[in-house]
Amino acid sequence: MDKLPGFRDFYPADCARRNYVLETWRAVARRYGFVEFDGPVVESMELYEKKSGGELVGQLFTVGVTAEPGAVKGALRPEMTPTLARMVAARERDFKKPLKWFCVPNFFRHERQQRGRLREFYQLNCDIIGEASPAADAELLAVQIDMLRACGLTEKDFVVRLSSRTAWQNFFQSNAKRADGAALTADDEYEFFQIVDKAERAPPEKTAAALAKFGMSADALLVFMRSKEPTAELAPILADLQARGLGAFVEVDYAIVRGLAYYTGVVFEVFDRAKNERALAGGGRYDRLLSLMSDGKVDLPALGFGMGDVVLLNLLDEIPAAKAKLDAWCAAQHACELYVVIAKEELRPQALALVQELRDSGRRTDFALAPAKVGKQFQAAENLGARLAVVVGEEWPRVKVKTLATREEREVSREELAAL
Ligand code: HAM
């Protein structure tokens, strides 16, 4: 039977590639003082319907409708932000602000099949909670940029497109008028954000038709979308990144508005410069989500981003320097370092004791489970990428050690072997 479309098998080589990404993400997040957290894989469906909004709601995998009294409909997590907001709101007093939290969970979205989008994927999240100043936005963008730099990518390979929902909100409030003369609502505003979000991909007639409801023309929208002038909200963030030497990685681009419901101010997405791929990462401020989640009890500013593994690995495969780094890391994940060759089968008990001793001391060690010719055992050592073959034979209790790369061979005691 085949696996379901949009899901992946991770054979060892695929697992190594995935681990490279996860370990790089974890290392860089820690370098910036973020601490790791996690949440449940299943949450109530309502959490995502109410808090995520946008396309995500139609992409939920629902689970576990049971007959228990009061049972809720569950959904496999499609993102982390509602969970994070729920967790922080529940125990806000236990943590010093600002919180800098990260996680690397797997998510599930019932997406249409396309390059860079699967139905299960991994996503790094870095979020800062409890800091309203633009210094937090810059810190978040810096860690996001360094995630990609750590994978061997440069400003020639990717760009952060920085925008602001506040700017779009102001634009909407000063340009929109409802045909029925009614006041503009928050729902109208979100509907408008979704029109902007799709404007780059949608046919112009469709955008124009959607805007007509608010008495707006597509032309005015496009003019604003193409302006590169940073707003007063964005300027200090850009200056901060400039001071860190990361200015070349960021461009103002008002075409970005983001699909999810909870964003309030600064928003951004990361794209490959060659424009071959879908977004590598996206995020922004969601200053009202914690308050919404706690019925106003906890009111903390918040911001964060998500970066997926699928587009990232596609891009790393395309950029030679990044691919070389990825391949070198994977190649170094050999199954073993030392391979114990049993040259005389009657010495198997002694060889087992040696294997055990080496493993106890933390050395990655392997050996032939079934009796085999010495040549075959050396072949197995090569196949596993071992550095040294340790031959248990006539010389016992001394052993011959062969460096497989150079074919150099010497005889050593067990104490000397421990130091090799
Ligand atoms: P998002 O834009 O939905 O944001 O996802 C962020 C990134 O996750 C995307 O840019 C992409 O790399 C990856 N991604 C999303 N969907 C898929 C998919 N079906 N297959 C593969 N990769 C995918 C969020 O999820 C927000 N919760 C991020 C955030 C955190 N905002 C604040 N904090």
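Residues numbered from 1 in each chain as written. Predicted model: local features only at pLDDT ≥ 70, side-chain atom pairs only at ≥ 80, totals over all residues. Heavy atoms only, no water.

Student: Would you mind going over unusual backbone geometry with me for this structure?
Tutor: Note: most residues except glycine have negative phi, and most peptide bonds are trans. Cis geometry is adopted by the peptide bond preceding P98, which originates at K97 and carries an omega value of -5°. A cis amide bond links W396 to the next residue, P397, at an omega of 10°. Positionally, P397 belongs in the loop between strand 15 (388–392) and strand 16 (399–403). The backbone of D295 shows a phi angle near 50°, a positive value even though the residue is not glycine. Along the chain, D295 turns up in the loop between helix 10 (289–293) and strand 12 (302–308). (Helix = DSSP H or I, 4+ residues; strand = E, 2+ residues; numbered from the N terminus.)

Student: Is there a simple way to explain helix 3 (residues 81–90) in this structure?
Tutor: Each turn of an α-helix holds 3.6 residues, which means side chains three or four residues apart point in the same direction. Along helix 3, 7 of the 10 residues are buried, which leaves the element largely enclosed by surrounding structure. Every buried residue belonging to helix 3 is among T81, P82, T83, L84, A85, V88 and A89, and all of these are buried. Buried-residue contacts for helix 3 involve strand 2 (42–44), helix 2 (45–51), strand 5 (99–103), strand 7 (120–129) and helix 10. (Buried < 20%, exposed > 50% of the residue type's maximum accessible area, 1.4 Å probe, protein only. Contact = heavy atoms within 4.5 Å.)

Student: Could you clarify how one ought to interpret the pattern of salt bridges in this entry?
Tutor: When their charged atoms lie close together, side chains carrying opposite charge are able to pair. In the structure shown here, the tally under the stated rule is 35 salt bridges. The closest approach of N and O atoms between R161 and D253, which form a salt bridge, is 2.7 Å. Of this pair, R161 sits in strand 8 (residues 158–164) while D253 sits in the loop between strand 9 (250–252) and strand 10 (266–272); the two residues are 92 residues apart in sequence, bridging distant segments of the chain. The same class applies to R161 as to D253, namely buried. Residues R258 and E269 are paired through a salt bridge, measuring 2.8 Å at the closest nitrogen-oxygen approach. Of the two residues, R258 is situated in the loop between strand 9 and strand 10 and E269 in strand 10; the sequence distance between them amounts to 11 residues. The same class applies to R258 as to E269, namely buried. Each member of the salt-bridge network shares a partner with another, and the members are R17, D317, K323 and D327. (Salt bridge = Lys/Arg side-chain N within 4 Å of Asp/Glu carboxyl O.)

Student: Help me out: how do you make sense of the site of the ligand in this one?
Tutor: Taken together, 26 residues lie around the ligand, and E79, T81, L118, D127 and Y263 are the ones closest in. A distance of 2.9 Å separates an oxygen atom of the ligand from a polar side-chain atom of R109. Measuring from a nitrogen atom of the ligand, one finds a backbone N or O atom of L118 at 2.8 Å. A total of 660 Å² of accessible area belongs to the ligand in isolation, and the protein chains cover 96% of it. Secondary structure elements with two or more residues in the shell around the ligand: strand 7, strand 11 (281–285) and strand 12. For the shell around the ligand, the class distribution of residues is 11 nonpolar, 9 polar and 6 charged. (Near = heavy atom within 4 Å. Polar contact = N/O pair within 3.5 Å; in protein donor to acceptor, adjacent residues only side chain to side chain. Areas by Shrake-Rupley, 256 points an atom, 1.4 Å probe, with all protein chains shown as cover. Nonpolar A, V, L, I, M, F, W, Y, C, P; charged D, E, K, R; others polar.)

Student: Is there a simple way to explain the environment of R26 in this structure?
Tutor: Along the polypeptide, R26 turns up in helix 1 (residues 12–31). According to the relative accessible area criterion, R26 is partly exposed, its value standing at 26%. Placed 156 residues apart in sequence, R26 and A182 show a C-alpha to C-alpha distance of 50 Å. Filtering out sequence-adjacent residues up to four positions away, R26 remains in contact with E36, F102 and V104. One polar contact links R26 to E36, side chain to side chain, over a distance of 2.9 Å.

Student: Which parts of the structure should I look at to understand the sheet that holds strand 17 (residues 409–412)?
Tutor: Strand pairing in a sheet is mediated by backbone hydrogen bonds. Such pairs are either parallel or antiparallel. Pairing is mixed in the open sheet, where 5 strands are placed in the order 14-13-15-16-17. In this open sheet, the two edge strands, each paired with only one partner strand, are strand 14 (365–367) and strand 17. Neighbouring strand axes in the sheet, compared pairwise and without regard to direction, differ in orientation by 25° on average. One ladder, built from 5 bridges, connects strand 13 (residues 338–342) with strand 15; its direction is parallel. Among the inter-strand pairings, V340 is bridged to a residue of strand 15, identified as V390. Contacts between helix 13 (residues 348–360) and the sheet are confined to strand 13, strand 14, strand 15 and strand 16, with strand 14 contributing the most and set at about 160° to the helix. (Pairing = 2+ DSSP bridges. Axes fitted to C-alpha atoms, helices over the stretch in contact; angles between N-to-C directions.)

Student: How should the pairing of strand 10 be read in this particular structure?
Tutor: Note on strand geometry: in a regular strand, side chains alternate between the two faces of the sheet. Within strand 10, 7 of the 7 residues are buried, which leaves it mostly tucked inside the rest of the structure. Alternating positions in strand 10 separate into two faces, V266, F268, V270 and D272 on one and V267, E269 and F271 on the other, with burial throughout. By the bridge criterion, 7 bridges tie strand 8 to strand 10 in an arrangement that is antiparallel. Bridged to F158 within strand 10 is D272.

Functional significance is not addressed by these values, which are geometric in nature.
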